[in-house]
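Here is what each chain is made of, one letter per residue.
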Amino acid sequence: MAKNVPRDAARCYPYDVSFSIETFVVGPMPNNLYLLLDHEVREIVVVDPSIGSDAARARVRKLQNDGYRLAAIWNTHGHFDHVYDNAAWKAEFGAPILM
């Protein structure tokens, strides 16, 4: 059993995690853009698609070829440097934008 995990909680959290996080540092005001990948259901969420997110969009295109789909565009807040590429992501992938 994992350390500091109550016995009952261990049944709720399997040890074989089916997700991963990919980080991209983008933009002239360096921001972290994250791709959250759920490998079990083959879905992706992009978090804070900031200025200059072309490499991350290319990565999502590659993942689409492997059967993944972009499920959502998440913004942690509304500052321009975090939401700048929302329109490009929405136009290309059609995912809903959530804040």
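Refer to the structure printed above.
It should be emphasised that the depicted structure is a prediction, and the values quoted were computed from it without experimental measurement.

**Q** Explain the pattern of salt bridges to me, please; I cannot follow it from the model alone.
**A** Proximity of charged atoms lets side chains of opposite charge pair with each other. Inspection of the entire model under this criterion finds seven salt bridges. A salt bridge links Arg59 to Glu22; the shortest N-O distance between them is 2.8 Å. Taken together, the residues span a long stretch of sequence, with Arg59 in helix α2 (residues 54-65) and Glu22 in strand β1 (residues 19-26) at a distance of 37 residues. The closest approach of N and O atoms between Arg69 and Glu43, which form a salt bridge, is 2.9 Å. Taken together, the positions of Arg69 in strand β4 (residues 69-74) and Glu43 in strand β3 (residues 43-47) put the pair 26 residues apart, joining distant regions of the chain. When salt bridges that share partners are traced, they join Asp54, Arg57, Arg61, Asp85 and Glu92 into one network.

**Q** I would appreciate a short explanation of a nonpolar patch on the surface in the present structure.
**A** A contiguous nonpolar surface patch, about 320 Å² in accessible area, is contributed by Val17, Phe19 and Ile21. Checked against the element boundaries, Ile21 lands in strand β1.

**Q** Just checking my understanding: could you explain the pairing of β1 for this structure?
**A** Remember that side chains alternate between the two faces of the sheet whenever the strand is regular. Strand direction decides the pairing type here: β1 and strand β2 (residues 31-38), joined by eight bridges, are antiparallel. The residue of β2 that forms the bridge with Phe24 is Leu33. In sequence, β1 turns back onto β2 through a hairpin of four residues, with Gly27 there showing a positive phi of about 90°.

**Q** Sorry, what's going on with the packing of aromatic side chains here?
**A** All chains considered together, the criterion is met by one aromatic pair. Ring centres 5.4 Å apart and planes at 40° place the aromatic pair Trp89 and Phe93 in the tilted group. Of this pair, Trp89 and Phe93 both sit in helix α4 (residues 86-93), four residues apart, roughly one helical turn. Across this residue pair, the class does not change: Trp89 and Phe93 are buried.

**Q** Just to check I follow, could you spell out α2 for this structure?
**A** For an α-helix the count is 3.6 residues per turn, leaving residues at separations of three or four pointing the same way. With 12 residues, α2 should reach 16 Å at 1.5 Å per residue; the first-to-last C-alpha distance of 17 Å fits that figure. Where α2 is buried, its residues touch β1, β2, β3, β4 and α4. Count one or two residues on from α2 and you reach Gly67, which has phi positive near 95°.

**Q** Any chance you could explain the nonpolar core here in plain terms?
**A** Soluble globular proteins tend to pack their nonpolar side chains together in the buried interior. Ranked by internal contacts, the top residues of the largest apolar core, which has 16 residues, are Leu33, Leu35, Ile44, Val46, Val60, Leu70 and Trp89. Elements represented by at least two residues in this core include exactly β1, β2, β3, α2, β4 and α4. Beyond its immediate chain neighbours, meaning those up to four positions away, Leu70 contacts Ile44, Val45, Val46, Val60, Trp89, Phe93 and Ala95.

**Q** Just checking my understanding: could you explain α4 for this structure?
**A** For α4, the complete set of buried residues consists of Asn86, Trp89 and Phe93. Taken down its axis, α4 places every buried residue within 70° of arc, on the same side. Turned more than 90 degrees off the buried face of α4, the exposed positions are Ala87 and Ala91. Buried residues belonging to α4 abut β2, β3, α2, β4, α3 (80-83) and β5 (97-98). Where α4 ends, the next residue or the one after it, Gly94, has phi of about 75°, a positive value.

Reading the values: rules and limits
- Residues numbered from 1 in each chain as written.
- Predicted model: local features only at pLDDT ≥ 70, side-chain atom pairs only at ≥ 80, totals over all residues.
- Heavy atoms only, no water.
- Salt bridge = Lys/Arg side-chain N within 4 Å of Asp/Glu carboxyl O.
- Helix = DSSP H or I, 4+ residues; strand = E, 2+ residues; numbered from the N terminus.
- Patch = residues over 30% accessible without salt bridge, like charges linked within 9 Å, V, L, I, M, F, W, Y side chains within 5 Å.
- Areas by Shrake-Rupley, 256 points an atom, 1.4 Å probe, with all protein chains shown as cover.
- Pairing = 2+ DSSP bridges.
- Phe/Tyr/Trp six-rings, centres within 6.5 Å; stacked < 30°, edge-to-face > 60°.
- Buried < 20%, exposed > 50% of the residue type's maximum accessible area, 1.4 Å probe, protein only.
- Expected span 1.5 Å × (residues − 1).
- Contact = heavy atoms within 4.5 Å.
- Core = buried A, V, L, I, M, F, W, Y, C linked by side-chain atoms within 4.5 Å.
- Arc of directions from axis to C-beta.

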